[in-house]
Amino acid sequence: MKKKVRDAKKSVVSFSEPSLFQRKHVSANHGLKDSKEGFPSETHTTIYLLRSHKYTDVKLSRMEAFSKNVKVSEKTILYHPSVIPIINLQFLKVTECDRTHPEKSEFDVDRRVFDFKETGFAPKDSTSIKIYLKSTMRVKDYPTADPERFSYKKYFEYSLSSLVIPRCAKKVRSTSVSRYKCPSIDNFSIFEHLFLRKAEMYEAGSGVASAAEQEKMLETATKVVKAESFEMKRCLDKGKVMDALKHALSFLNELRTNDLSPKFYYRLYMDSVNELQHLESFLVEDFQKDSGKLANLYECVQYASQIIPRLYLLVTMGVVFIKCGLGSRQELLADLVEMCRGVQHPLRGLFLRNYLLQSTRSLLPDRPESVARRTNGSVDANMNGSSGPKESLHQQDGSVTDAVNFVLTNFGEMNKLWVRMQHQGPSREREKRERDRLELRILVGTNLVRLSQLESLTEEMYTKDVLPSVLEQIVSCRDPISQEYLMECVIQVFADEFHLSTLNEFLAACGQLTSEVNVKNVLIGLIERLAFYTNSIEGEPAPEKMQLFEIFSEQAKELITNRPEMPMEDIVSLHVALVNLAIKCYATRTDYANMSFGTLRTIINEKGITAVEAFGTVGRELIKLLKIPVDQYNNVLRVAALEEFGSVMQILDYRGRCVISSYIIQNMLDQETLITNEEEFRTVCGLISPLLEDQKDQPSDAHESEDFFDEQHILARVVHLLRVEDADQQFLLLNNARKVFGSGGRHRLQFTLPPIVFELYRLVLSYAVQKGTDDKWEAKVRKMFVCAMGTIGALVSTVELAELPLKLYLEGAIAADKVPFSENYTVVYEFISKAMSIMEDDVADSRDRVRCLQLTVGALLCTKNFPEENWQPLATQAAMAASKMFKKADQVRSLCMVAALYWNGCVEESNGAPLKNGKRVVEILKKSAKIASECMEPLVQQQLFILLLNTYIHYYEDGCKEIDVHNIDELVSRTQDNAVQLDVSAEADLMEKHLTEAIKQLKIARQSAESDAALSPPSEIVQNEDL
């Protein structure tokens, strides 16, 4: 058997192992990359030499397979009578057996049998050879499930459309199954390629693994990583570096999986990379102890059979070599980035290159070119004259140009891998692939972040080298997802000065993007970035010099013109960015913002759009646009200076216009924007007109919505912003506002007119201090009260309100009583009499009448300058109103309340002292007691008795001599008797407590009265002393 193996090896052309840099070029440029289908050739090649003997197995490396000029890929199977290379199959065995007894096979039923004898392409001898392949493909993938009836020729012809033919092979003759010949190998005729794609295997099988299945696979792989990494650390502790590398290869081999989604693969990647960092730190520390241990490791790891683990270790060793100064940093970085081309699988390749980028982020040369040239000269001199360690010398080589080239190369390859993901697999999984790509996008964008972090990167280098290369890569990929994301990355990561110097080039590249790219987002991002930057510059020199608004405005016009299918919301969003730029960077140039509004209005009119829904996609963008000048100017008068602002606002529907109007008013309130003249008031009213009056497109039930109430409440606050120092001008402004608000309809008057009334009262009180400075002072004051009375009358006649006008009349009476003008009592009497008329005529509900009477009594108690002849009719009317209440309980409570008028009320003749009319108080209380005794409900009657008792005690304590103590005792007796008759309840218990407290208070009052009587002298002695 050994002799046969030696014979087989002799038939193979020998190939010497390449040196460090030879191997790099072979791997990079000579066909060892992945196939067009995206499957990497990451495993070694196994070549079986079949002769007349039974079994011969010879394994050759990938480089030896390449020496025969045979281009192979992961899923390509090359058949030949004497040479059969097989790549990346989980299980393969070649054996000689009897085709009539396939059941004697030791393999599973699911493995496929290929009989070369039936195809007519069997080996020259009569041996029947069967190859058993272990795969996940199912029987239905083949024309027949019976291996004996398998039509191989038909299947081979069907598979020719997806064959991968070696570049070195030449077609020698045309048959149904084409024959090719490799000229560099004698008698080597490749008669068939069978291409098995993994996508087909998924389609035929169970498809993409579920999340639970992937979690299990990840758990299994993680266990392998932990176990192997533990063994690696043990070997490192023992000083067995080569054994540690073998264990590292074992857990890195788990990264070759195709079954994990990006999310799960990332977790496996992080676990593996963390272990590699431990290996890296150990080797660096070990080098410091013994500098001769690591000399051959960079070359040794390249002999690993699997390309994925080999490259991860190669990157790790390269980083160690750079840190230890064992090689040229410039050459090592270039070598690593080129070697990574061997992995063309998108997912595995992206993570591999990300590991390369992350590992070298602190090792990239970041020195100017001039400094690097001077340093390199001194390094060469030191290296020629010194034989010692050159660690510090090697760490100084390279310049920022080398770092830029390294990152740009890595960026270009990663972008190609990222884009390639979009075109693999069935079309039904397109959305899944797009989601996976979005999860991986940050890996590609990290390259641009690394470029922006180079401190020696100058504006000139960025303009000449970096941006052209990046834009060329972005434009040439023709992938919408990649183009949009990378353009946004360029905007966000690089400095604002770089963007200003390359603005034209960047905008030109935007015009070359595919039609699927949302260029609007790219332009908006750039505009907002530059607007923020230029707005932060002191003195604002950049905007004027660069003319940013003109450039972006022209670019926006070209974009809208070239893309007629551009959605309306995108057009509005683009103008949002333009208006934002114009207002932030050109605060004094309102014509720029006005130009943007006018352009947008023209475009909308051309498209025939008349009303935009407020909460639609276009409406939301329009509202956002209209809010920009309001927020930036913080002055509604400056906003009104934009002539096209109102025309764009009119494009919105009724609800949208109301939203903008409310937003403007809220800004006025927050900024306390005062309106000082009638012209400004008219300007403001022009902007908020949707809230002032009915609109043509206003819904019929708009006044019933909560939004209407909120908007009218905020509109009413505008009245308080009317401020003029001159009282006459203030009155004219308020009168004008009354006319404007008065035309808003009955549903708005109840919100807008009361603030005007209160502002008139405030004006009257402030104008009172100016008495004596104006000859017409009294006439003007009277005119203000007349205006207020007319405004309140509109609420009664037009809106048909009752309680609100009554309150306003009473407030007017109190205000008029405080103003010392002649015959002011007539104004007070007029206000109170109108309030009482409303109470009697328009207030029907009993509770409302009680509440209105309370307000009227309170207003009468506040007046101090009323003549008694005018005060008595009003008090008598209040008492009559109390007696006319519908419910007896309300009559009792109201009469007790009216009694306070005759005890605490003030008139002009009393000079501010209370009337203390005890006789009238006793009469009212007796009448109340009589009405309370007529109440038929025991519980209510008890409540009224306790109320009367407390009222008697109050006046008794206050010194009302007309109150007879016997009457109080009689009331207490009746109350106690009534309490016995009440049913047991919580309310009865509560009233019992109140009665007890009232009796205690009565005793205290009696004791106090008796002590006062004992201390005071008799009345006869007082009279004698007076004589």
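Please refer to the structure placed before this passage.
Residues numbered from 1 in each chain as written. Predicted model: local features only at pLDDT ≥ 70, side-chain atom pairs only at ≥ 80, totals over all residues. Heavy atoms only, no water.

Colleague: Sorry if this is basic, but what is going on with the packing of helix α35 (residues 746–767) against helix α36 (residues 777–797) here?
Modeller: When two helices pack together, their arrangement is given by the angle between the helix axes and by the axis-to-axis distance. Look at α35 against α36: their axes get within 9 Å of each other, and the N-to-C directions meet at 165°. As summarised for this structure, α35 and α36 are arranged roughly antiparallel, according to the angle between their axes. Every pair of crossing elements has a handedness; the one defined by α35 and α36 is left-handed. On α36, the residues touching L749, Q750, L753, P754, V757, L760, Y761, L763, V764 and Y767 of α35 are W777, K780, V781, M784, F785, C787, A788, T791, I792, A794 and L795. For the contact of α35 with α36, the residue count by class is 18 nonpolar, two polar and one charged. (Axes fitted to C-alpha atoms, helices over the stretch in contact; angles between N-to-C directions. Helix = DSSP H or I, 4+ residues; strand = E, 2+ residues; numbered from the N terminus. Parallel < 35°, antiparallel > 145°, perpendicular 65-115°, else oblique. Left-handed = near helix turned anticlockwise from the far one by under 90°. Contact = heavy atoms within 4.5 Å. Nonpolar A, V, L, I, M, F, W, Y, C, P; charged D, E, K, R; others polar.)

Colleague: Sorry, what's going on with the nonpolar core here?
Modeller: For soluble globular proteins, the rule of thumb is that nonpolar side chains tend to be buried together. Core analysis: the largest hydrophobic core is formed by 280 residues, its most contacted members being L279, Y312, F552, F645, F785 and L853. Here this core gets 13 residues from one element, more than from any other, and that element is helix α11 (residues 307–324). Every residue in contact with Y312, bar those within four places of it in the chain, is listed here: L252, L255, Y269, L276, R348, F351, L352 and Y355. (Core = buried A, V, L, I, M, F, W, Y, C linked by side-chain atoms within 4.5 Å. Buried < 20%, exposed > 50% of the residue type's maximum accessible area, 1.4 Å probe, protein only.)

Colleague: I'm lost on the pattern of salt bridges in this one. Help?
Modeller: Working definition: two side chains of opposite charge can pair if their charged atoms are close together. Tallying each qualifying case throughout the model produces 32 salt bridges. When the shortest N-O distance is used, the salt bridge between D479 and R437 registers 2.7 Å. Taken together, the residues D479 in the loop between α18 (459–477) and α19 (480–493) and R437 in helix α17 (residues 430–452) connect sequence positions 42 residues apart. (Salt bridge = Lys/Arg side-chain N within 4 Å of Asp/Glu carboxyl O.)

Colleague: Explain the environment of M414 to me, please; I cannot follow it from the model alone.
Modeller: Relative to the helices and strands, M414 is located in helix α16 (residues 400–420). The spacing of M414 and L352 is 62 residues in sequence and 9.6 Å in space, taken between C-alpha atoms. Apart from the residues lying within four places of it in its own chain, the contact partners of M414 are L350, R353, N354, L443, V444 and N447.

Colleague: I keep staring at the environment of K226 and nothing clicks. Help me out?
Modeller: Mapped onto the fold, K226 is located in helix α7 (residues 211–238). For the pair formed by K226 and D271, sequence separation is 45 residues and the distance between their alpha carbons is 8.3 Å.

Colleague: Sorry, what's going on with helix α21 (residues 503–510) here?
Modeller: An α-helical segment advances 3.6 residues per turn. Residues three or four places apart therefore align on the same side. Looking only at α21, the buried set comprises L503, F506, L507, A509 and C510. The buried residues of α21 occupy an angular sector of 155° when projected down its axis, which confines them to one face. (Arc of directions from axis to C-beta.)

Colleague: Mind showing me how you'd approach helix α42 (residues 918–933) here?
Modeller: The terminal C-alpha atoms of α42 lie 22 Å apart, and with 16 residues this matches the ideal 22 Å at 1.5 Å per residue to within 8%. Every buried residue of α42 is accounted for by G918, V921, V922, I924, L925, S928, A929, I931 and A932. Next to the buried residues of α42 lie α41 (888–904) and α43 (938–957). (Expected span 1.5 Å × (residues − 1).)

Colleague: I would appreciate a short explanation of the side chain of D653 in the present structure.
Modeller: On the secondary structure map, D653 appears in the loop between α29 (643–649) and α30 (654–671). Of the side chains with opposite charge, R657 comes closest to the buried, unpaired D653, at an N-O distance of 6.2 Å. (Lys, Arg positive; Asp, Glu negative; His and termini not counted.)

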